[in-house]
Amino acid sequence: DAMVIQNPRYQVTQFGKPVTLSCSQTLNHNVMYWYQQKSSQAPKLLFHYYDKDFNNEADTPDNFQSRRPNTSFCFLDIRSPGLGDAAMYLCATSRGTYTQYFGPGTRLTVL
Amino acid sequence: RKEVEQDPGPFNVPEGATVAFNCTYSNSASQSFFWYRQDCRKEPKLLMSVYSSGNEDGRFTAQLNRASQYISLLIRDSKLSDSATYLCVVSSNNNDMRFGAGTRLTVKP
């Protein structure tokens, strides 16, 4: 089945230790997104790639970076995780401006 | 003011009940509207898009009121499996989706 895959599902890191979250998709969608969702809050868009074009949200901290080496993969790099970065990180994809489909998420814990 | 606002609930209803959620949005240029469902510790999943004329999918009915800038979701004959958080999503274009914080529904036997 075509899908959006995120690895790992659970990630534990130490305060200040860089971490990379992975997203891959078999839907052949040209747009990929990263969202941060904290408990009982709305998913918050961090950035998205429209094809190779990177679109950063104005309020996304510099601590968050992203890479998209090819159509299928997109990475979220957190350079120096703080306690406030503990959250669920959701990857989503879409074909152009159509509906977004989400992966299962990576739950990040910062110790 | 938040871009998308929802009553967080929780809504606790018995099986078979009809329940309605509302959502208001602040951007009058919004063009696309959706309801997503999110189960505990899972990803959001599209429940239905919301069209200007209103639309129905089985027990679910969604409506849009552009003049008042709100959308609604009606669930008839609630099932235990409907228990989840319902997220209202609004977009000025579909690469710019703004989520509400969600309304939590619990359907009880």
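Here the structure is shown first, and the text comes after it.
Quick caveat, the model's predicted, so the values are computed rather than measured. Each chain carries its own residue numbering, running from 1 in the written order of its sequence. Labels are handed out in written order, letters beginning with A for the chains and numbers beginning with 1 for the ligands. Whole-chain, interface and lining totals are the exception, using all residues; otherwise, since this is a predicted model, local features are given only for residues with pLDDT of at least 70 and side-chain atom pairs are given and counted only at 80 or more. For side-chain calculations, the full set of non-hydrogen atoms in the structure is used, while hydrogens and water are omitted.

1. Focus on the state of the cysteines
Whenever a pair of cysteine sulfur atoms sits within 2.5 Å, that pair is classed as a disulfide. All chains considered together, the criterion is met by 2 disulfides over all chains. The residue that forms a disulfide with Cys23(A) is Cys91(A), at a sulfur-sulfur distance of 1.9 Å. Taking the sign of the S-S torsion, about -70° here, the bridge from Cys23(A) to Cys91(A) comes out left-handed. Placement of Cys23(A) in strand β3 (residues 19–25) and of Cys91(A) in strand β9 (residues 87–94) is noted, with a sequence separation of 68 residues between them. Type-normalised accessible area, obtained with a 1.4 Å probe on protein chains alone, sets the label of each residue: buried when under 20%, exposed when over 50%, and partly exposed for intermediate values. We classify Cys23(A) as buried; its relative accessible area is 0%. Residue Cys23(B) pairs covalently with Cys88(B) via a disulfide, S to S 1.9 Å. Between Cys23(B) and Cys88(B) the disulfide shows an S-S torsion of about -70°. By sign, it is left-handed. Within this pair, whereas Cys23(B) is found in strand β3 (residues 19–25), its partner Cys88(B) is found in strand β9 (residues 84–91), the two being separated by 65 residues in sequence. Of the two residues examined, Cys23(B) and Cys88(B), each falls in the buried class. The thiol of Cys74(A) is unpaired, and the distance to the nearest cysteine sulfur, on Cys91(A), comes to 6.1 Å. Secondary structure elements are taken from DSSP: a helix is a run of H or I of four residues or more, a strand is a run of E of two residues or more, and numbering for both begins at the N terminus.

2. Description of the sheet that holds strand β8 (residues 73–78) of chain A
Residues and elements named next belong to chain A. Taken in spatial order, the 4 strands of this open sheet run β1-β3-β8-β7, and their pairing is antiparallel. The two strands at the open ends of the sheet, each matched to only one other strand, are β1 (4–7) and β7 (64–67). Each adjacent strand pair in this sheet contributes to an overall mean axis angle of 20°, direction not counted. Pairing of β3 with β8 involves 6 bridges; the strand directions are antiparallel. Within β8, the residue paired with Val 19 across the bridge is Ile 78. A pair of strands is considered paired only if DSSP assigns at least 2 bridges between the two. Interaxial angles span 0 to 180 degrees and are taken between N-to-C directions of axes, which are lines fitted to C-alpha atoms, for helices over the stretch in contact.

3. Examining the interface of chain B and chain A
For interface size, the figure often reported is the accessible area lost on association. Contact with chain B, which involves 15 residues of that partner, is made by 24 residues of chain A. In total, chain B and chain A occlude about 1600 Å² of area from one another, counting both sides; carbon and sulfur atoms represent 51% of this. When the buried area of chain B at its contact with chain A is split by residue, Arg41(B), Asn95(B) and Phe99(B) rank highest and sum to 37% of it. By salt bridge we mean one thing: a side-chain nitrogen of Lys or Arg within 4 Å of a carboxyl oxygen of Asp or Glu. For the pair chain B and chain A, the number of links is 1 salt bridge. Between Glu57(A) and Arg98(B) there is a salt bridge; the shortest N-O distance is 2.9 Å. Definition of a polar contact: a pair of N or O atoms within 3.5 Å, with one able to donate and the other able to accept a hydrogen when the atoms are protein atoms, and with sequence-neighbouring residues admitted only if both atoms are side-chain atoms. At the boundary of chain B and chain A, one finds 3 residue pairs in polar contact (both at pLDDT 80 or more). It only takes one pair of heavy atoms within 4.5 Å for two residues to be counted as in contact. Two parts placed together each lose some accessible area; with a 1.4 Å probe, that loss summed over both constitutes the buried area.

Interpretation note: all reported values are geometric properties and have no functional meaning in isolation.
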